[in-house]
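Chain by chain, the residues run as shown.
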Amino acid sequence: MAGYRMKFDKKRCIACNACLVHCKVKNKVPAGLSLNRLEAEGPVADKDGKPSALLKYTNCRHCKKPECVSACPTGAMYKREDGLVLVEMDKCDGCKACIDACPWTVPVFNDATGKIMKCDFCVDRVDAGGTPACVVGCTANALSFVRPE
């Protein structure tokens, strides 16, 4: 059974950053931090010579064997039975081991709380049958959320 995942259609993306804004607002992410990233490289010429940008969207992949979970000394970072990788804030001591362990440096350190934050696919929305804020906010429908089969 495949787990939850995010699909990114770089051909549809217009680099408006609405996905980032919706995520920040929903998750109350402080200025200077982001739980997801949209990176643009370019401009480059496409196959017809038209200017274009190479776009890359990154958020937590909720790995099958998450290195962040095994690196967390307090057990704050954990994987649910359905595959979502989450942070239990009352257990997090802010040691940053999960940041160092993640190959994509997805978890971020919140200076205001002294705790780790990461994309949780808006777990409250997912549990209620909804969709993550980044997907809802994507004006070009470049992001889609795939639930386990």
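Throughout what follows, the structure given in this document is the object of discussion. As the structure is a computational prediction, the values presented were derived from the model and not from experiment. (Residues numbered from 1 in each chain as written. Predicted model: local features only at pLDDT ≥ 70, side-chain atom pairs only at ≥ 80, totals over all residues. Heavy atoms only, no water.)

**Some details on the overall build of the chain**
And step 1. Each helix and strand in the chain was counted, giving five helices and eight strands.
And step 2. For the chain, the α and β elements follow one another from N to C terminus as β-α-β-β-α-β-β-α-β-β-α-α-β.
And step 3. The dimensions of the chain, computed from C-alpha atoms along their principal axes, are 55 × 35 × 25 Å.
And step 4. Within the chain, the fraction of its 149 residues that count as buried is 38%. (Helix = DSSP H or I, 4+ residues; strand = E, 2+ residues; numbered from the N terminus. Buried < 20%, exposed > 50% of the residue type's maximum accessible area, 1.4 Å probe, protein only.)

**Overview of the pattern of salt bridges**
And step 1. A full pass over the atoms with the stated rule returns five salt bridges.
And step 2. In this structure, the salt-bridge partner of Arg37 is Glu39, at a minimum N-O distance of 3.6 Å.
And step 3. Looking at Arg37, the relative accessible area reads 29%, which means it is partly exposed.
And step 4. Glu88 is the partner of Lys91 in a salt bridge, and the nearest nitrogen-oxygen pair spans 3.8 Å.
And step 5. Look at Glu88 and you get partly exposed, because its relative accessible area is 30%.
And step 6. Salt bridges sharing common partners tie together Arg80, Asp82 and Asp127. (Salt bridge = Lys/Arg side-chain N within 4 Å of Asp/Glu carboxyl O.)

**Structural notes on the state of the cysteines**
Here a disulfide denotes a covalent bond joining the sulfur atom of one cysteine to the sulfur atom of another.
And step 1. On inspection of all chains with the given rule, the structure shows zero disulfides.
And step 2. Of all cysteine sulfurs in the structure, the one in Cys122 sits closest to Cys23, which takes part in no disulfide; the separation is 6.2 Å.
And step 3. With a relative accessible area of 7%, Cys23 lands in the buried category.
And step 4. Under the relative-accessibility criterion, Cys122 is labelled buried at 5%. (Disulfide = S-S within 2.5 Å.)

**A few points about the side chain of Asn36**
And step 1. Within the secondary structure, Asn36 sits in the loop between helix H1 (18-27) and strand S2 (37-45).
And step 2. On the accessibility criterion, Asn36 (3% relative accessible area) is buried.
And step 3. When residues no more than four places from it in sequence are discounted, the contact partners of Asn36 are Cys19, Leu20, Cys23, Tyr57, Thr58, Asn59 and Cys134. (Contact = heavy atoms within 4.5 Å.)

**Re unusual backbone geometry**
And step 1. At the junction of Gly42 and Pro43, the peptide bond is cis and its omega measures out at 15° in the coordinates.
And step 2. Residue placement: Pro43 occurs in strand S2.
And step 3. Even without a glycine there, the phi angle at His62 is positive, about 45°.
And step 4. The exposure class assigned to His62 is buried, which follows from its relative accessible area of 7%.
And step 5. For Phe121, which is not glycine, the phi dihedral falls at a positive 55°.
And step 6. With respect to the helices and strands, the residue Phe121 is situated in the loop between strand S7 (115-117) and helix H4 (123-127).
And step 7. You can call Phe121 buried: its relative accessible area is 2%.

**Re the environment of Val136**
And step 1. Of note, Val136 is situated in helix H5 (residues 133-137).
And step 2. Sequence separation of Val136 and Ala18 is 118 residues, and the distance between their C-alpha atoms is 9.3 Å.
And step 3. The residues touching Val136, leaving out its near neighbours within four places in the chain, are Arg125 and Thr131.

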